[in-house]
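Survey of secondary and tertiary structure
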Amino acid sequence: MRLPLPQVEPDETLPESVTVYEVGPRDGLQNEATIVPTAVKVEFVRRLAAAGLATVETTSFVDPRWVPQLADAAEVLELLGDDGRGPARPVLVPNERGLDRALEAGVGAVAIFGSATESFARRNLNRTIDESVAMFRPVVERSRAEGLWVRGYVSMCFGDPWEGPVPTGQVVDVCRRLMDLGCDQLSLGDTIGVGTTGHVHHLLAGLDAAGIGVDRVGVHFHDTYGQALSNTMAALQDGVTVVDASTGGLGGCPFAKSATGNLATEDLVWALQGAGLDTGIDLDALVATSTWMAGHLGRPSPSRVVRALSAD
Ligand code: HMG
Ligand code: MG
């Protein structure tokens, strides 16, 4: 028998409300080898917003030679019109050239993206950590002067495929440096999905001790080892209220060996609804969107909830 919704049993250990920060159109698509038509990307964002996702990261203004899939960032935003602007439609911006392009497209929010490790900073940004912080400084300063909302991602917070374990102090240091630039929010990236729940509690405690409270922090778990949802619930129990997720569980980073999809938004919504949180998100509409997108990508969604709800 198909269960259309989970049975609701409130979980008092969770916060009263959670903001789902949807990254499907950006993190979800950036790793796809076959170019997705611009019109499909635009419809993807529209369908996500219509399903009740208030915050949708729409695209990236990175060097198109590095990420050809998102070379059409300006066209996507032009076609989205007002639906692609405002503080709830962030875009990735690595440098001032990217910011110029994003401002020209009329964005209302940007996200810079640093790394807790030197290896990934080099591979993802062609910079050392110091050089990348220097690259971000004018981006954040100018963004704030323009009144944009600014997020700072930190990748490899829970482990790095080249360096192995990443000391918590090293992660906290990079987080502190990005927040000191003037970011409004931090997103802790488990880029290769290796983290576990104790590690999540430990890192959040380390950040708190460094003056970065859970009210400034979002979590970004990739699901490579099947830990994304349990890690997310652990973070929520510690008081985090912003969770990154990707509809259908798409995602990955072209520059991180062994990175797979993000936490699937459907899996998250199922868990939150069951725990009695009103997300305002229409799960059936999300599943229909993932099934539609899977048709364009030519393979089924890895999300368990999508599979269960789309099976007859
Ligand atoms: P670089 O080659 O060092 O760049 O790349 P450069 O500053 O030396 O410039 C070289 C040329 O690129 C110049 O053009 C620039 O104008 C151009 P030329 O003079 O040769 O004709 N250029 C640009 N063109 C368009 N837009 C731009 C831009 N920047 C330079 N923004 C750079 C450095 C940072 C640009 C490059 O490394 C890059 O684009 N990296 C992006 C990598 C990326 O997108 N990774 C995926 C996102 S991060 C992620 O997925 C992790 C996350 O999800 C969290 C997690 O899971 O952990 C966020
Ligand atoms: Mg990611």
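Further up the page is the structure itself.
Counting starts from 1 at the beginning of each chain's written sequence and moves along it residue by residue. Whichever chain is written first becomes A and whichever ligand is written first becomes 1, with later ones labelled in order. Local features in a predicted model are, by the rule used here, given only for residues with pLDDT of at least 70; side-chain atom pairs are given and counted only at 80 or more, and totals for whole chains, interfaces and linings are based on all residues. The basis for every side-chain value is the complete set of heavy atoms in the structure, and neither hydrogens nor water enter the calculation.

1. What about helix H9 (residues 228–237)?
- Between buried and exposed lies partly exposed: a residue is buried under 20% and exposed over 50% of the maximum accessible area for its type, with that area taken using a 1.4 Å probe on protein chains only. Helix and strand definitions follow DSSP, with helices as H or I runs of at least four residues and strands as E runs of at least two, each counted in order from the N terminus. In terms of residue burial, H9 counts as a mostly covered element, since seven of its 10 residues are buried.
- Taken as a whole, H9 has its buried residues at Ala228, Asn231, Thr232, Met233, Ala234, Ala235 and Leu236.
- Close packing links the buried residues of H9 with strand S7 (185–190), helix H8 (197–209), strand S8 (217–221), strand S9 (242–245) and helix H10 (265–274). When checking whether two residues touch, look at their non-hydrogen atoms; a contact exists if any pair is within 4.5 Å.

2. Concerning the packing of H8 against H9
- Helix axes are fitted to C-alpha atoms over the stretch in contact, other axes to C-alpha atoms as well, and angles between N-to-C directions run from 0 to 180 degrees. Relative orientation of the contacting elements H8 and H9 amounts to 35°, with a least axis distance of 9 Å. The two elements H8 and H9 meet at a crossing, and its hand is right-handed. For the pair H8 and H9, the contacting residues are Thr197, Val200, His201 and Leu204 in the first and Ser230, Asn231, Ala234 and Ala235 in the second. Definitions for this section: a left-handed crossing has its near helix turned counterclockwise from the far helix by less than a right angle. A right-handed crossing has that turn clockwise.

3. Things to note about the nonpolar core
- Residues enter a nonpolar core if they are buried and are Ala, Val, Leu, Ile, Met, Phe, Trp, Tyr or Cys, with the set joined through side-chain atoms within 4.5 Å. Core analysis: the biggest nonpolar cluster contains 95 residues, and Phe61, Leu186, Leu188 and Leu207 have the highest contact counts within it.
- At seven residues, the largest contribution of residues to this core is made by helix H7 (residues 168–181).
- Those residues within four positions of Leu186 in sequence are excluded, and the remaining contacts are Gly152, Val154, Cys175, Met179, Leu207, Ile212, Arg216, Val217 and Gly218.
- With six residues, the next largest nonpolar core counts Phe120, Cys253, Ala256 and Ala259 among its residues.

4. With respect to the sheet that holds S7
- With parallel pairing, the nine strands of this open sheet are ordered in space as S2-S1-S9-S8-S7-S6-S5-S4-S3. Only two strands of the sheet have a single partner each, and these edge strands are strand S2 (55–56) and strand S3 (59–60).
- Being paired, for any two strands, means DSSP has found at least two bridges between them. As judged from the five bridges shared by S7 and S8, these two strands associate in the parallel manner. Residue Leu186 lies in a different strand from S8, and its bridge partner there is Val217.
- Here H7 sits on the sheet in contact with strand S5 (109–115), strand S6 (149–155) and S7, set at roughly 165° to S6.
- H8 contacts S7 and S8 of the sheet and is inclined by roughly 150° relative to S7.

5. So, the pattern of salt bridges
- The rule for a salt bridge is simple: a side-chain nitrogen of Lys or Arg has to be within 4 Å of a carboxyl oxygen of Asp or Glu. Enumeration over the complete set of coordinates arrives at 14 salt bridges.
- Arg299 serves as the salt-bridge partner of Glu32, at 2.5 Å between the closest nitrogen and oxygen. One end of the pair, Glu32, is in the loop between helix H1 (24–30) and helix H2 (38–50); the other, Arg299, is in the loop between helix H11 (283–297) and helix H12 (304–310), and 267 residues separate them in sequence.
- Note on Glu32: relative accessible area 12%, which makes it buried.
- Arg299 sits in the partly exposed class, given a relative accessible area of 41%.
- Where Asp82 meets Arg85, a salt bridge forms, and the shortest distance between an N and an O atom there is 3.8 Å.
- Classification of Asp82 as exposed rests on a relative accessible area of 67%.

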